[in-house]
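# Reading the structure
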Amino acid sequence: MIVVAVVALLASACGQGAGAAPAEERPEVTIEHTFGTSTFPANPQRVVTFSAPWTDALIALDVPITAEFITRNYSGDNGAFPWTPPHESEKVVGADNADIDYEKLAALQPELILAGYQTEETYDRLSAIAPTIPVMDSSAVLDSWQDVTATAGKIFGKQAEADALITDLATKIEKFKADFPAGQGKTFSYGQFTGDQFGLVAADTDPAARVLAELGLTLDPKSKKEGKGSARVLVSLEKVEVLDADLVIMWPLTGGEEVLKDVVGWADLAAVRRGSYVIVDDTTASALASPSIYSVPWALEHQLRPAAAELG
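First, a word on scope: everything that follows refers to the structure included in this document. These numbers were taken from a predicted model, which means no experiment stands behind them.

Let's shift gears to the environment of Leu237. Structurally, the position occupied by Leu237 is in the loop between β11 (232-236) and β12 (247-252). On the accessibility criterion, Leu237 (21% relative accessible area) is partly exposed. When the C-alpha atoms of Leu237 and Gly195 are compared, they prove to be 8.8 Å apart, with 42 residues separating the residues in sequence. Not counting residues up to four positions away in its chain, the partners in contact with Leu237 are Phe193, Gly195, Asp196, Gln197, Phe198 and Val264.

This is the structure in structure tokens:
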């Protein structure tokens, strides 16, 4: 998992749109990231995203997006998640982040590529086309929604707007905590069900774990113990008791909740009996797994609120 270390050198704000100054007249921005640094003129006009949190941050800041490279079957209906507002951009669909049409990307003539998680080899190929920002901090797999939003504000001269967005969501998080005081300090487990085993979040640096920690929840020690220092761990169905936390979030990869009913011990988990569990799918899993300025408040209301009400 990867976190974000951002250093932006933005001397002054530039106007957005057709009247923006030529690149050579704009101040430069330097962003530190896991593969080094990227320097480019502030307020780039042609921006391509590979990461939904970056896409959401730009939409929230009213920054035009030239194109989005999205993953087939994992990008919501018609290439948009339910929490992402309608917006204009060209959608380029691939099998995954390794399936990139570099010729198409180059033809878009991007001034900046907001890439999110990528291998170093892919980053090198992307950055040969245009300045590229991969994950910024090397301590987690994805950047936090706060860091993505704040960095977008620095790049596009909209720091005040970005700060306001972050403050607003932080207020919503505090309101959620106040609504469910009994949830403070309760444990959670988060995993995928593949059909023959569970893949569990096993480290606090996981993006979903970090959001849930902001809500006052704690990654269950049993998951951490199974992980033995790894961010994710696979456990057999016979060890279903490892999931037995106060709140359980499960992502079946081969169907819906019905596929879990045949797993011996699933129905006996305290969270399942109590109702403090959440079932997500290929679309809604991203709300917490790839948190953004829009997905986190959506997850609070549509995924976590019903389950949190059962934690008291």
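Here we come to the environment of Ala106. Relative to the helices and strands, Ala106 is located in helix α2 (residues 102-107). Each C-alpha atom, one on Ala106 and one on Gly191, is 37 Å from the other, the two residues being 85 residues apart in sequence.

What follows is about the pattern of salt bridges. When the charged atoms of two side chains with opposite charge come close together, those side chains can pair. All chains considered together, the criterion is met by twelve salt bridges. In this structure, the salt-bridge partner of Lys177 is Glu174, at a minimum N-O distance of 3.5 Å. Within this pair, Lys177 and its partner Glu174 are both found in helix α5 (residues 159-179), separated by three residues, close to a single helical turn. Residue Glu174 is classed as partly exposed on the basis of its relative accessible area, which comes to 46%.

Space inside the largest pocket adds up to approximately 1,000 Å³. Around the largest pocket, the lining is made up of 43 residues, and of these Thr71, Tyr74, Leu142, Ser286 and Ser290 lie nearest the centre. Of all elements in the fold, only α1 (52-60), β4 (67-71), β6 (112-116), β8 (187-193), β9 (197-201), β11 and α9 (286-289) reach the threshold of two or more residues within the lining of the largest pocket. A class-by-class count of the residues in the lining of the largest pocket yields 23 nonpolar, 15 polar and five charged.

Bringing unusual backbone geometry into the picture now. Positive phi, normally seen in glycine, also occurs at Asn43, with a value near 55°. Note on placement: Asn43 falls in the loop between β2 (36-41) and β3 (47-49). Given a relative accessible area of 1%, Asn43 falls into the buried group. The phi dihedral of Lys228 is positive, around 50°, even though this residue is not glycine.

Under the counting rule described, the total for this entry stands at seven aromatic pairs. An angle of 40° between the planes, with centres 5.5 Å apart, marks the rings of Phe193 and Phe198 as tilted. Since its relative accessible area comes to 3%, Phe193 is described here as buried. Summarising the aromatic geometry, the rings of Trp266 and Tyr277 are spaced 6.2 Å apart at their centres and angled 90° between planes, so their arrangement reads as edge-to-face. On the criterion of sequence distance, the pair formed by Trp266 in the loop between β12 and α8 (270-274) and Tyr277 in strand β13 (residues 277-279) is long-range, its members being eleven residues apart. Exposure remark for Trp266: the relative accessible area of 3% places this residue in the buried category. The exposure class assigned to Tyr277 is partly exposed, which follows from its relative accessible area of 22%. These aromatic residues form a ring-pair network of at least three members: Phe81, Trp83 and Trp298.

Attention shifts here to the nonpolar core. Core analysis: the biggest nonpolar cluster contains 36 residues, and Trp145, Tyr190, Leu247, Ile249, Leu288 and Leu304 have the highest contact counts within it. Where this core is concerned, the elements lending two or more residues are α4 (145-155), α5, β8, α6 (207-214), β12, α9 and α10 (295-308). Looking at which element gives the most residues to this core, the answer is α10, with seven residues. Setting aside anything within four residues of it in sequence, one finds Ile249 in contact with Ser189, Tyr190, Gly191, Leu212, Val278, Val280, Leu288 and Leu304. In this structure, Val63, Leu114, Ile133 and Ile155 belong to the second largest nonpolar core, which totals 21 residues.

About the criteria used
Residues numbered from 1 in each chain as written. Predicted model: local features only at pLDDT ≥ 70, side-chain atom pairs only at ≥ 80, totals over all residues. Heavy atoms only, no water. Helix = DSSP H or I, 4+ residues; strand = E, 2+ residues; numbered from the N terminus. Buried < 20%, exposed > 50% of the residue type's maximum accessible area, 1.4 Å probe, protein only. Contact = heavy atoms within 4.5 Å. Salt bridge = Lys/Arg side-chain N within 4 Å of Asp/Glu carboxyl O. 1 Å grid on protein atoms, 1.4 Å probe; cavity = no way out; pocket = protein on both sides within 12 Å on 5 of 7 lines; lining within 4 Å. Points joined across faces, edges and corners; volume = space filled by probe spheres on them. Nonpolar A, V, L, I, M, F, W, Y, C, P; charged D, E, K, R; others polar. Phe/Tyr/Trp six-rings, centres within 6.5 Å; stacked < 30°, edge-to-face > 60°. Core = buried A, V, L, I, M, F, W, Y, C linked by side-chain atoms within 4.5 Å.

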